[in-house]
Amino acid sequence: MRMHTREVKIGDVKIGGENPIRIQSMTNTKTQDVEGTVAQILALEAAGCEIIRSTVPTLEAAKALGEIRKRIHIPMVADIHFDYRMAIAAMENGADKIRINPGNIGEAWKVRAVVDCARERGLPIRVGVNSGSLEKEILEKNGGVTAEGLVESALDKVKLIEDMGYDNLVISIKSSNVPMCIRAHQLISDQTDHPLHVGITESGTVTSGTIKSSVGLGAILSQGIGDTIRVSLTGDPVQEVVVAQKILQSLGLRKCGIEVVSCPTCGRTEIDLITLANQVEAMVAGYDLNLKVAVMGCVVNGPGEAREADLGIAGGKGVGLLIKGGEVIRKLPEAELLDALRYELDHWGR
Ligand code: SF4
């Protein structure tokens with residue numbers, strides 16, 4: 001069961017409460033490069049990204065936010081480190097939310113200035129704590145970086161802002177250590193009802209980052225914890241969105257288009273299933289349907305294994321089967337399988 005959290009509005013997108021778990025990503029362009037940043041955000045939107053974050057390290061980047069906001073369709077979060085003036089400039093230029101670690105903003109009056117600006121505009125603040133930014137006292141008290149320390153640090157920052165009379169907050173606690181990250185989320189979700197943005201930080205290249213994020217986010221989300229997610233990958237951010245969708249899809253938490261299941265192949269396989277499965281995956285990306293499509297490598301076990309899918313194809317020696325709702329509906333030459341599947345998708349529900 002999903003843990004109860006408060007609802008927070010980021011631009012037009014609501015998170016927390018009963019809202020779907022939202023997919024976020026982060027641009028890796030220079031934010032002041034308006035053309036490049038807009039192009040990347042539009043590609044991310046097309047892939048399914050619902051909230052985008054961009055770094056704002058300079059006034060030039062803050063000013064660019066305003067221009068970028070006019071040309072995109074999803075809310076924009078300004079990522080701020082150290083300089084409270086950048087947080088204020090980002091909000092003045094149209095950011096829908098800011099992400100800060102009050103611990104690296106400095107004196108309380110600077111944090112208060114940021115909070116006052118957010119309050120005036122009704123903008124949420126994400127309080128983000130990373131394992132790499134824990135305070136010395138917390139590290140000493142816990143004997144290093146621990147889940148307990150991460151939670152303590154985050155809740156201290158939340159209290160600091162709440163004591164300033166503002167509670168339009170989202171929390172993130174990130175670590176690249178998967179078990180620590182899971183434990184920290186279990187601990188914090190018992191102690192707060194602010195929405196949680198969940199991610200495994202510095203998770204690595206596309207392959208290892210996908211695995212780490214899937215394991216970490218999967219464990220956290222399956223306990224009902226998490227209101228927005230970001231998969232961090234050293235790669236094209238569009239990949240982050242694709243992986244995030246697949247994580248949510250595989251947990252049954254979001255319907256994000258057609259899910260392709262394909263068999264692992266075995267000694268019975270008599271067709272080039274790897275090519276066929278990749279062709280199917282590329283083909284279904286263009287459909288706005290929430291279905292499961294199975295791609296199986298033999299006509300003996302394939303139909304049985306495809307039973308749980310809405311549509312399926314199974315290939316044998318020169319012959320293929322088209323399966324719908326668990327029943328074989330056509331026998332056709334193997335070379336026509338892809339077209340037959342496309343026809344069914346084009347006419348789905350008609
Ligand atoms: Fe092997 Fe057929 Fe099962 Fe694929 S569907 S793994 S080819 S038995």
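Use the structure listed above.
Keep in mind the model is a prediction, meaning the values are calculated, not measured.

Chemist: Got a minute to help me understand the overall build of the protein chain in this structure?
Modeler: In terms of helices and strands, the protein chain carries 13 helices and 15 strands. Considering only C-alpha atoms, the protein chain reaches an extent of 75 × 45 × 30 Å along its principal axes. Looking at the protein chain as a whole, 54% of its 350 residues are labelled buried. Nonlocal contacts in the protein chain, meaning residues at least 24 apart in sequence, comprise 62% of its contacts between residues at least 6 apart. Between the mean site of the 39 positive side-chain charges and the mean site of the 45 negative ones, the protein chain shows a separation of 1 Å.

Chemist: Where do I start with the sheet that holds strand β14 (residues 319–324) in this structure?
Modeler: Pairing between the strands of a sheet is mediated by backbone hydrogen bonds and can be parallel or antiparallel. Taken in spatial order, the 5 strands make up an open sheet running β11-β12-β13-β14-β15, and their pairing is mixed. Where the open sheet ends on each side, the last strands, each with one partner, are β11 (259–262) and β15 (327–333). Averaged over neighbouring strand pairs, the angle between their axes works out to 20° when direction is ignored. With 4 bridges connecting them, strand β12 (residues 292–296) and strand β13 (residues 311–315) associate as parallel partners.

Chemist: When you look at helix α13 (residues 337–346) in this model, what are you seeing that I'm missing?
Modeler: Every α-helix carries 3.6 residues per turn, so stepping three or four residues along brings you back to the same face. When we look at burial in α13, the residues that qualify are Leu-337, Leu-338, Ala-340, Leu-341, Glu-344 and Leu-345. Each buried residue of α13 lies within a common arc of 165° when the element is viewed along its axis, so the set occupies one face. For α13, the elements touching its buried residues are α11 (273–284), β12, β13, β14 and β15.

Chemist: What exactly am I supposed to notice about unusual backbone geometry here?
Modeler: Where the residue is not glycine, phi is negative for most of them; where a peptide bond is considered, it is trans in most cases. Of note in this structure, Phe-82 is not a glycine but carries a positive phi near 75°. Its place among the elements puts Phe-82 in the loop between β5 (76–79) and α3 (84–92). Although it is not a glycine, Thr-265 adopts a positive phi angle of roughly 70°. As for its position among the elements, Thr-265 is in the loop between β11 and α11.

Chemist: Is there a simple way to explain the site of the ligand in this structure?
Modeler: Neighbouring the ligand are the residues Cys-263, Cys-266, Arg-268, Thr-269, Gly-297, Cys-298, Asn-301, Gly-302 and Glu-305. Taken together, the residues of the shell around the ligand sort by class into 3 nonpolar, 4 polar and 2 charged.

Chemist: Help me out: how do you make sense of the pairing of strand β3 (residues 22–26) in this one?
Modeler: Consecutive side chains along a regular strand alternate between the two faces of the sheet. Most of β3 sits inside the fold, with 5 of its 5 residues counted as buried. Burial of the side chains of β3 extends over both faces: Arg-22, Gln-24 and Met-26 are buried on one face and Ile-23 and Ser-25 on the other. In the sheet, β3 pairs with strand β10 (residues 228–231) via 3 bridges, with the strands oriented parallel. Opposite Arg-22, over in β10, you have Thr-228 as the bridge partner. Following the chain from β3 across helix α1 (residues 34–47) to the adjacent parallel strand β4 (residues 51–55), one finds a crossover that is right-handed.

Chemist: Teacher, can you tell me more about the environment of Pro-57 here?
Modeler: Take Pro-57: it is sitting in the loop between β4 and α2 (59–71). Between the C-alpha atom of Pro-57 and that of Met-86, which follows or precedes it by 29 residues, the distance is 6.8 Å.

Chemist: In this structure, what is going on with the sheet that holds β10? I would like to understand it.
Modeler: Strand order in the open sheet formed by 8 strands is β8-β7-β6-β5-β4-β3-β10-β9, and the pairing between neighbours is parallel. A single partner strand is all that each edge strand has here, and the edge strands are β8 (169–174) and β9 (197–200). With direction set aside, neighbouring strand axes in the sheet form an average angle of 25°. Both β5 and strand β6 (residues 97–100) contribute to a ladder of 3 bridges, which runs parallel. Bridging across to β6, Asp-79 finds its partner in Arg-99.

Chemist: How do you make sense of the pattern of salt bridges when you look at a structure like this?
Modeler: Where charged atoms of side chains with opposite charge meet at close range, the side chains can pair. One pass over the full model with this rule turns up 21 salt bridges. Each of Arg-6, Asp-167 and Asp-193 takes part in a single network of salt bridges with overlapping partners.

Chemist: Sorry, what's going on with helix α9 (residues 206–221) here?
Modeler: Every buried residue of α9 is accounted for by Gly-209, Ser-213, Gly-216, Leu-217, Gly-218, Ile-220 and Leu-221. Contact partners of the buried residues in α9: α8 (178–189), β9, β10 and α10 (237–250).

Chemist: Help me out: how do you make sense of the nonpolar core in this one?
Modeler: The nonpolar side chains of a soluble globular protein tend to be buried with one another. Grouped together as the largest cluster of nonpolar side chains are 74 residues, with contacts concentrated most on Val-56, Ile-80 and Ile-125. If sequence neighbours within four positions are ignored, Ile-80 has contacts with Val-56, Met-86, Ala-87, Ala-90, Arg-99, Ile-100 and Ile-105. Formed by 31 residues, the second largest nonpolar core is a distinct cluster that contains Leu-273, Met-283, Leu-291 and Ile-323.

Rules used throughout
Residues numbered from 1 in each chain as written. Predicted model: local features only at pLDDT ≥ 70, side-chain atom pairs only at ≥ 80, totals over all residues. Heavy atoms only, no water. Helix = DSSP H or I, 4+ residues; strand = E, 2+ residues; numbered from the N terminus. Buried < 20%, exposed > 50% of the residue type's maximum accessible area, 1.4 Å probe, protein only. Contact = heavy atoms within 4.5 Å. Lys, Arg positive; Asp, Glu negative; His and termini not counted. Charge placed at Lys NZ, Arg CZ, Asp CG, Glu CD. Pairing = 2+ DSSP bridges. Axes fitted to C-alpha atoms, helices over the stretch in contact; angles between N-to-C directions. Arc of directions from axis to C-beta. Near = heavy atom within 4 Å. Nonpolar A, V, L, I, M, F, W, Y, C, P; charged D, E, K, R; others polar. Right-handed = clockwise from strand over helix to strand, strands pointing away. Salt bridge = Lys/Arg side-chain N within 4 Å of Asp/Glu carboxyl O. Core = buried A, V, L, I, M, F, W, Y, C linked by side-chain atoms within 4.5 Å.

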